[in-house]
Amino acid sequence: MSRTRIVGHRGCGFLAPENSLTGFRRAVEMKLDGTEFDIHMTKDRALVVLHDPWLERTTSGTGAVGDMTFHDLRGARIHGTDEPIPTMREVLDVLAPSACELHVEIKTDVRGEPYDDIVAAVLDEIRGRHLEERTIFTSFIPEDLHRVRALSPQARVLCSINRTSAEARGGFAEAIAAFAELEGCLFAVEKNLLLHAFDDFAPTLGADRLGVWLVDKAEGVTYWHNRAVRQITTDRPDIAISAIVDR
């Protein structure tokens, strides 16, 4: 049985402001198996770590990332901190010396369109640090992961699936099929959706290719650990670590 990994959501989940350097440092201190973070691109092609395509929810700033220069965006502060929105390079500075697996989600702009050449830029950053073996590129959009593989055929990729993205493809089975051409693709599925689909798809895909998110309660962590999924992504890695006694 393969070991279930604990992956911090947007850094270290609820234990620090999301996608903040404080959160990534906390993930390293806790020796999490992995940490997930989100990449956007500014108008002048800077790679920054932020979940939303706009600044309002998580920072003091306003506006869409893709419509701003890096200088303009850098003036915003992450809520609850005096930290600016970090660059991908700054996040890698924190994570590179650790053993933490990097789950790099390639985001789209405020219109839902891919940023020009963001995949190549992200790959360049990872290659420049020789972090290819520790990196998993993630997206809800199959085309993004195909772009990754076109530029880096050996790259590890993971598709995220929730009810909305599954319905957009015609159902969970169709969503899985949309990524099937990507050899070895991993799958991270929203917990309630996976709960109803696990028995149908685990025998075919293998539990070691399935991950679940977001699981924040001890009983949920125990349940999915017993199912031997590859990974549990969580906003409460402290609870997840405590719930898995054989880590």
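Our structure's up above, just so we're on the same page.
Read on for an overview of the structure.

Rules of the game
- Residues numbered from 1 in each chain as written.
- Predicted model: local features only at pLDDT ≥ 70, side-chain atom pairs only at ≥ 80, totals over all residues.
- Heavy atoms only, no water.
- Helix = DSSP H or I, 4+ residues; strand = E, 2+ residues; numbered from the N terminus.
- Rg over C-alpha atoms; globule rule 2.2 N^0.38 Å.
- Buried < 20%, exposed > 50% of the residue type's maximum accessible area, 1.4 Å probe, protein only.
- Contact = heavy atoms within 4.5 Å.
- Areas by Shrake-Rupley, 256 points an atom, 1.4 Å probe, with all protein chains shown as cover.
- Core = buried A, V, L, I, M, F, W, Y, C linked by side-chain atoms within 4.5 Å.
- 1 Å grid on protein atoms, 1.4 Å probe; cavity = no way out; pocket = protein on both sides within 12 Å on 5 of 7 lines; lining within 4 Å.
- Points joined across faces, edges and corners; volume = space filled by probe spheres on them.
- Nonpolar A, V, L, I, M, F, W, Y, C, P; charged D, E, K, R; others polar.
- Arc of directions from axis to C-beta.
- Pairing = 2+ DSSP bridges.
- Right-handed = clockwise from strand over helix to strand, strands pointing away.

**A closer look at the overall build of the protein chain**
The number of helices and strands found in the protein chain is 10 helices and 9 strands. Rg of the C-alpha trace for the protein chain: 17 Å, near the compact-globule value of 18 Å for 247 residues, within the 12% margin. Principal-axis analysis of the C-alpha atoms places the extent of the protein chain at approximately 50 × 35 × 30 Å. Here the protein chain holds 247 residues, and 55% of them are scored as buried. Sequence separation of at least 24 residues holds for 59% of the intrachain contacts in the protein chain that already meet a minimum separation of 6. Entry remark: accessible area of the protein chain is about 11,100 Å², with carbon and sulfur atoms responsible for 51%.

**Overview of the nonpolar core**
Generally speaking, nonpolar side chains in soluble globular proteins are found buried as a group. The biggest cluster of nonpolar side chains holds 69 residues, and the ones touching the most others in it are Phe37, Ile39, Met88, Ile118, Phe137, Ile161 and Phe187. For this core, the element with the highest residue contribution is helix α8 (residues 191-205), accounting for 7 residues. If near-sequence neighbours (up to four positions away) are discounted, Ile118 is found in contact with Ile39, His40, Met41, Leu47, Ile106 and Lys107. Formed by 6 residues, the second largest nonpolar core is a distinct cluster that contains Leu158, Ala188, Trp213 and Leu214.

**Digging into the layout of surface pockets**
In this structure, the largest pocket spans a volume of roughly 440 Å³. Around the largest pocket sit 27 residues that line it, and Glu36, Glu105, Lys107, Phe140 and Ser160 are the ones nearest its centre. Grouping the constituent residues of the lining of the largest pocket by class yields 9 nonpolar, 11 polar and 7 charged.

**Remarks on empty space enclosed by the protein**
Summed over all chains, the structure comprises 2 cavities of 30 Å³ or more. Considering only enclosed or pocket space, the largest cavity measures out at about 40 Å³ in volume. Lining the largest cavity we find Glu18, Asn19, Val49, Leu50, Thr58, Thr59, Ile78 and Pro86. Of the residues belonging to the lining of the largest cavity, the class tally is 4 nonpolar, 3 polar and 1 charged. By volume, the second largest cavity is sized at about 30 Å³. In terms of lining residues, the second largest cavity is bounded by Phe140, Pro142, Ser160, Ile161, Ser165, Arg169, Ala175 and Phe179. Its residues placed into classes, the lining of the second largest cavity shows 5 nonpolar, 2 polar and 1 charged.

**Side note on helix α9 (residues 218-226)**
What α9 keeps buried is the set Gly220, Val221, Trp224 and His225. Angular distribution of buried residues about the axis of α9 spans 130 degrees; they occupy a single face of the element. More than 90 degrees from the buried face of α9, the exposed residues found are Glu219 and Asn226. Packed against the buried residues of α9 are α8, β8 (210-213), β9 (231-234) and α10 (237-243). Downstream of α9 by one or two residues, Ala228 has phi in the positive range, about 60 degrees.

**A word on the pairing of strand β6 (residues 156-161)**
For β6, the tally of buried residues reaches 5 of 6 residues, placing the bulk of the element in the interior. Strand direction decides the pairing type here: strand β5 (residues 135-139) and β6, joined by 4 bridges, are parallel. Counted as the bridge partner of Thr138 is Leu158 from β6. Considered for its hand, the β-α-β crossover made up of β5, helix α5 (residues 142-151) and β6 is right-handed. One ladder, built from 4 bridges, connects β6 with strand β7 (residues 186-190); its direction is parallel. Counterpart to Leu158 in the pairing with β7 is Leu186.

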